[in-house]
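# An overview of the molecular structure
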Amino acid sequence: LIARVKEVALGGYAHQDMPFEMLVKELHPDRSLARNPLFQVMFVLQSESVAMQELPGLTLSHVQVENVVANFDLTLDAVERDGQLECQFESNADLFDEETITRLLGHFENLLESIVANPQQRLSAISLLSEAERHQLLVEWNDNRSDYPADRSVQELFEQQVANAPDAVALMFGDDQLTYRELNERANRLAHFLRRKGVSAETRVGICFERSPEMIVALLAILKAGGAYVPLDPAYPEARLTFMLEDADVALLLTQKSVAGKLDLQRAEIVCLDEIANNLADETNANPLPETNADSLAYVMYTSGSTGKPKGAAVTHRSIVRLVKNTNYASLTPDEVFLQFSTISFDASTFEIWGSLLNGARLALMPAGPASLDELGRALQRYQVTTLWLTAGLFHLMVDTHLDDLKGLKQLLAGGDVLSVPHVKKVLRELKGCRLINGYGPTENTTFTCCFPVTANGINGSVPIGHAIANTSVYVLDRHLNPAPVGIPGQLYVGGDGLARGYLNRPELTADRFISDPFSGKPGTQLYKTGDLVRYRATGEIEFLGRIDSQVKVRGYRIELAEIETVLGQHESVSEAVVIARQDSGDKHLAAFVTPHAGNTPAADELRSFLSARLPAHMVPTVFVTVQEFPLTANGKVDRNALADINAAKPEALEQSAPEDHLERKLLRLWQKVLAVGAIGIDDNFFELGGHSLLAVKLFAQIEKTFGKNLPLATLFQAPTIRLLAEVLRKEGWSASWSSLVTLQNRGHRRPFFCVHAAGGNVLEYHALAQLVGADQPFYGFQAQGLDGIQPPHTTIKDMAAHYLKEMREVQPEGPYLLGGRSSGGTVAFEMACQLAANGEQVGLLALLDSYPAGYFKLLPDSGSVSQRWTRFASRIKSHRENLQQFTGRDKLGYLIGKLKYAPAKTKHKLYRRAYKLFQRIGRPLPSVLKNIEEINFTAVKDYVPQVYPGRATLFVASDDLTAANDVEAGWEGLAAGGIEKVSISGNHLDIVKEPHVRVLAEKLRVALESAQ
C-alpha cells in the first residue's frame, strides 16, 4: 500500500472524495510517475485550492516552494529495504531552508501514517498536520482573549467616560471644542427628540452629514434612543442613496440643510439638525433609559455587492466595543488625539470615532469635503494628533511628500491595500517615535481583523497583515475547511466578537458567506469567508496574497466588479461589460471594457456619466475601452489578463484648447504625470479624464511642490480644468517665472517644432514663419534668458541648450524632437541635438537656418596655428574674388559695400569679447554696458567647442550670401556624422525670415517637417 502512495497524484482532482484504497486499485501498476510525485501526494491531495492553476492572478513569486510540484531542485528517492521504506530528500539549499525541509518530512510522515491507519478515509480528509501543528494553528495562534466590557453598549461606555471626566475635551473642530459633558447633553436632547419620533430598539435611522460636530451628536443620539444608524456619504449619487435608504427601510433621515437638497426621498422623513436647533433646546439633558444591549444592532454599513446591488453589513454594539476596548493592536487611552478623516460610510470611521470617544480621548474633525495633503498636514499639526488612520494610497503619498507632518504621531495605522515596502522602510527610518501598524479587515468583521506592528525584521519581502487582534479568531483553510499548513495558501476565515450578524435582508447571501464555526466548540458561532487568499509564516504572521474571486480593493474600498458590470450592462449602447483592476504608473484603478450593442459605440464620457449617476465615485472606472469581442481563455471564459494588456484609448486634446502660456504648460505637464494621459486640452475636465480623489490629492501635492501654493482640494471641484485652475493660481498671486519657451502657434496635432533665437535673443522674428509653415503645425520659439533684465543670461552654449531642453520637455516629454534655429540659434539647436543623442533620445529633424558651423575649425589639427589661420584667411579672400568675378560694374561695388558695412560690427564684437573676458578673469561684475544679450551670445558662440553629432542635419543656405559658402557646408559635414542635406533658399542672412523670402523658407521647412513626422 505504501509503495503505491506516489501514484496517488495521478488520480487527479476528480478523486478527492474517493477513499484512498479504492483509488489505488484503479491505478494501473505500470503507469509512469510524474516528476516529484511527493509534492503531488502531499499537497494536491490536501486540497484543490493549493494547485497553481487554481490560484488565478498568482505567480510563482507569491507562493512558497512547498506547494510547487515540479520545476524546483528537490527530489525524493524511496527504496524498500528490509521491509521498510527509506526516503531521502535532495534539495537546493538556496530554495529550501532547514526548517522548511524538516516540516516537509514531517508532513510526509503524517501523510503515510494517516493512510496506513485508515485506508478507507476520503482523500480530502487526509491531513498533513500533526496534532501539535493543528493545535498551534487553531488554538495557540488564536489565543488572544482579553477582559473587555463585552456586555456593554456603546452609549453606556460613552456615558461612563462622561462620568469619569465630564470637562475633558471630546471634540475639536476648527476653533470650537466640546467637552464630554457638552457632547453628551447635546446628544441626549436629540435622543429624546428621536424617541418622540418613534425611534426605539433597533430602529434604523439614516444619517447623511459632512464631517462636523453635528454628525457626532447625531450618531450618539441615535444609539442613545435605541436605534441603529445607517451612514450615508453625501457624495454618493442620489440613486444609490435612495436604494440604501429603501433597502434598510429607513423612515427617518438626519442630515443638514446643505445636504438635504440632493435627497429626493418619498418614504423617509428628513430632519435637518441645523433647522431644529431651537426646538431641541427644550428637551432634557438627562441620559435616556437604555433600550439596547451588547447584542443589539448598532449600524448597517453598505458595501459593494456582487449581484449588482450594495449589501448592508449589520454590526452590533459588541462588535464595536471589541474593536476599541482593552485591545492589543494599538494604545487607546485618554492621552490620545484621534483625527476623524474618513467619510462616515467608510468603516475606518468606526475606529476613529469610537476608538476615541469610548476611551476618553480627544477627537479632532477634519473640515467637510476632500482634503489636500497640505490641509491634512496642517490639521495634524494644529490638533497635535497622536493617532491617525490612512488608506494605503494616502499613506504612500504622505510619506513621499509630507513625511515631516507625520512626525508628531505616536501611532500611524495604514491599510486597505498592500503597503509598499520602500515606504514602510522610510517610515521606520525617519519616524523613530511613531509606531506603524498595518491594519487589515473586512467591514463584516468591524474594521480590523488582523494587525501587524511593523518592524524592520518583520517585513521579509512584504508587509504581512500580522496576527488576529484581541477577541478575534482567524483560520487559513482549504476548500474542505481543513487547516492549511504553514506556508500553504488558503482562504482566510474570520470569527470572534467582531463578526457582524450578516447582511440585512439578504438571507441567502448571509448563509453563503457566514458559516458555522467548526473549531470553536460553541453552538451558534460563525465564521466569515473573506475571499482573501493568505498563508501563515512560520512565525505566525499572516501574509496577504490576493483574492480568490473578482472582488478588488481600490483606494481602501472593497469593490465587487460584478456590481459595476451589472450597472454598466444596463446602458442601452452596451451589449456586455467586463471591469478589471489595473495598476498603471503606480496607481491602482478600474478599467471598463464593453462590447457595443447593435453597432452603437458608446462614448467614454457618456458611460462615465451613466455610472456616476448610479455608483459612488470610487466605483466609477477611470478608463473605458470599446472592443468588438472579448478575448477568451481555452475553456471559453473571458481572459481578464489579456484585457489588462489592452491600452485604453487616450482622450485627444482639442485643437483650440492647447496651453497658452508658461503657467498652463506647467499645469498640463503635472496633469499628464498624475493622470498618465498623453493628450490633454486645457478645457478637459480632470474627473472626465479618469481623475479621482486620490489622484486629486497627488495632483495638489505636485502643485504645491511646483508653484509653492497650498490650495484647498475643493478648488479642483470648482476649477476642474487647466484653464480654470490657472486662473485660480493667478488670483492667488502666483506670478509666472521667466520662461524661455514661447508659443508662436499652438494648433494642430503634429509633433511640434522648436526654434532657437538668433544672437539678439528674441523670437519675434519667427512670428511670420510660424504662421506660414502651416495651421496644423505647432511652433515654439526659445527666447534668451535675461531679456527681462532680471534673470541672469546664460553665458555658454551648453548651458543654453540644457535649459531649453528642460523647458521643451514640459511640452513634449519624449522624442523624436524637431529642432532648429537661425544663425547662432542653429548652434544652440545643434548642441541640444548632441545632448539628446548622448541621452539616447531621438531627433527627427535638426534644421540649421543659415547657421555657421561654430567651433568646427577648433576641432581641426593645429587649428590655432599661424599657418591654419593664414590658410582660412586665404580661403576667404579666394571666395570673395570668385564672388566678385560673377558681378559686373556697380554690382561689384555693391558687393564690396555690403561686406564692408559689417566690419564695424565685427570689430565691436571682438572688443566686447576681450573686455568681457577681462572682467571674467579679474572676477569683477560686468558693467551695464557689457550686459548685452547679443554680445554675450556672440561670445558664447566664439567660445563653443562642439562635439560631433551622430545624426543628420538639414542646412538651409541663403542664396544671396556667397561668402565662404564652401567652408560653411564643409564645416557642418564635419560636425554631423549622419550627413548634411543642403536646401537653398532666397534672401540673405538677415531677411530669410522676412517677406517675401520667409514664404520660401516656410514652404521648404514644411517639407522637411512633414518628412520627419
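Along each chain, residue indices are assigned from 1 in the same order as the chain's sequence is written. Local features in this predicted model are restricted to residues of pLDDT 70 or higher, and side-chain atom pairs are both shown and tallied only at a pLDDT of 80 or more, whereas totals for entire chains, interfaces and linings draw on every residue. Based on all heavy atoms of the structure, the side-chain values leave hydrogens and waters out of the count.

The next thing to look at is the packing of aromatic side chains. Here a pair means two rings of Phe, Tyr or Trp (six-membered ring of Trp) with centres within 6.5 Å. Their orientation is stacked below 30 degrees between planes, edge-to-face above 60, and tilted elsewhere. As enumerated under the stated definition, the model contains 18 aromatic pairs in all. Ring pairing ties together the aromatic residues Tyr 329, Phe 338, Phe 351, Trp 389 and Phe 448, which thus form one cluster. Consider the ring centre and the ring normal. A charge sits over the ring if Lys NZ or Arg CZ is within 6 Å of that centre and within 35 degrees of that normal. Between Arg 614 and the ring centre of Phe 610, over which it is positioned, the NZ or CZ distance is 3.7 Å.

Time to look at unusual backbone geometry. When glycine is set aside, most residues are seen to have a negative phi, and most peptide bonds are trans. Of note, the bond from Gly 815 into Pro 816 is cis; its omega dihedral lies within 30 degrees of zero at 0°. Each helix corresponds to a stretch of at least 4 residues labelled H or I by DSSP, and each strand to a stretch of at least 2 residues labelled E; elements are numbered beginning at the N terminus. Counting through the fold element by element, Pro 816 comes out in the loop between α26 (797-811) and β32 (817-822). Cis geometry marks the peptide bond from Glu 995 to Pro 996; its omega dihedral reads 0°. Not every positive phi belongs to a glycine, and Leu 481 is a case in point at roughly 65°. Looking at the secondary structure, you find Leu 481 in the loop between β18 (472-477) and β19 (490-496).

So, on to the pairing of β19. The side chains of a regular strand alternate, residue by residue, between the two faces of the sheet. Across the 7 residues that make up β19, a large majority, 6, are buried. Each pair of strands is called paired provided DSSP finds at least two bridges between the two strands. Relative to β19, β18 runs antiparallel, the two being bridged by 6 bridges. The partner of Thr 472 across the bridge, within β19, is Gly 496. Pairing of β19 with strand β22 (residues 526-536), which is carried by 4 bridges, proceeds in the antiparallel orientation. Working definition: with a 1.4 Å probe on protein chains only, accessible area under 20% of the residue-type maximum means buried, over 50% means exposed, and in between means partly exposed.

Side chains that carry opposite charge are capable of pairing whenever their charged atoms lie near each other. Note on definitions: salt bridges are taken to be side-chain nitrogens of Lys or Arg within 4 Å of carboxyl oxygens of Asp or Glu. One pass over the full model with this rule turns up 31 salt bridges. With a closest N to O distance of 3.2 Å, Arg 537 and Glu 543 form a salt bridge. The salt bridge involving Glu 1010 is made with Arg 750; its shortest N-O contact spans 3.7 Å. Of the two residues, Glu 1010 sits in helix α33 (residues 997-1012) while Arg 750 sits in the loop between β29 (741-745) and β30 (753-756), which places them 260 residues apart along the sequence. Beyond isolated ion pairs, a larger network of salt bridges with shared partners links Arg 750, Asp 776, Arg 1006 and Glu 1010.

This brings us to empty space enclosed by the protein. Here a cavity is any set of points on a 1 Å grid over the protein atoms alone where a 1.4 Å probe fits but cannot get out, and a pocket is any open set with protein on both sides within 12 Å along at least 5 of 7 lines; a residue lines the site when it has an atom within 4 Å of a point. Grid points are joined across faces, edges and corners, and a volume is the space filled by probe spheres set on the points. Considering all chains together, one arrives at 8 cavities of 30 Å³ or more under this definition. When its volume is computed, the second largest cavity comes out at roughly 50 Å³. Residue lining of the second largest cavity: Thr 303, Lys 311, Pro 442, Glu 444, Tyr 528, Thr 530, Gln 551 and Arg 558, and that is the complete set. Throughout this entry, Asp, Glu, Lys and Arg are counted as charged residues, while Ala, Val, Leu, Ile, Met, Phe, Trp, Tyr, Cys and Pro are counted as nonpolar. The remaining residues, Gly among them, count as polar. For the lining of the second largest cavity, a count of residues per class yields 2 nonpolar, 3 polar and 3 charged.

What follows concerns the confidence of the model for the chain. Taken over all residues, the pLDDT of the chain has a mean of 81, while the share at 70 or more is 79%. Scored from 0 to 100, pLDDT reflects the predictor's confidence in each residue. Of all the helices and strands in the chain, helix α2 (residues 37-44) carries the lowest mean pLDDT, 38, while helix α11 (residues 317-324) carries the highest, 98. Any pair of residues with heavy atoms lying within 4.5 Å of one another is described as a contacting pair. pLDDT under 50 marks residues 24-72. Its contacts with residues more than four places away, or in other chains, come to 124 contacts. A low-confidence stretch, residues 861-865 (pLDDT under 50), is modelled with 7 contacts involving residues beyond four sequence positions or located in other chains.

Our next topic: the environment of Asp 335. Topologically, Asp 335 is positioned in the loop between α11 and β11 (337-340). In the structure, Asp 335 is positioned 27 residues away from Arg 362 in sequence and 7.9 Å away in space, judged by C-alpha atoms.

Of all 11 residues in helix α13 (residues 373-383), 8 are buried; the element is thus mostly enclosed. Of all the residues in α13, the buried ones are Leu 373, Asp 374, Glu 375, Leu 376, Gly 377, Ala 379, Leu 380 and Tyr 383. Contacts made by the buried residues of α13 are with β3 (169-173), β11, β12 (362-365), β13 (387-391), α14 (392-401) and α22 (693-707). Two residues or fewer after α13 comes Gln 384, characterised by a positive phi angle close to 55°.

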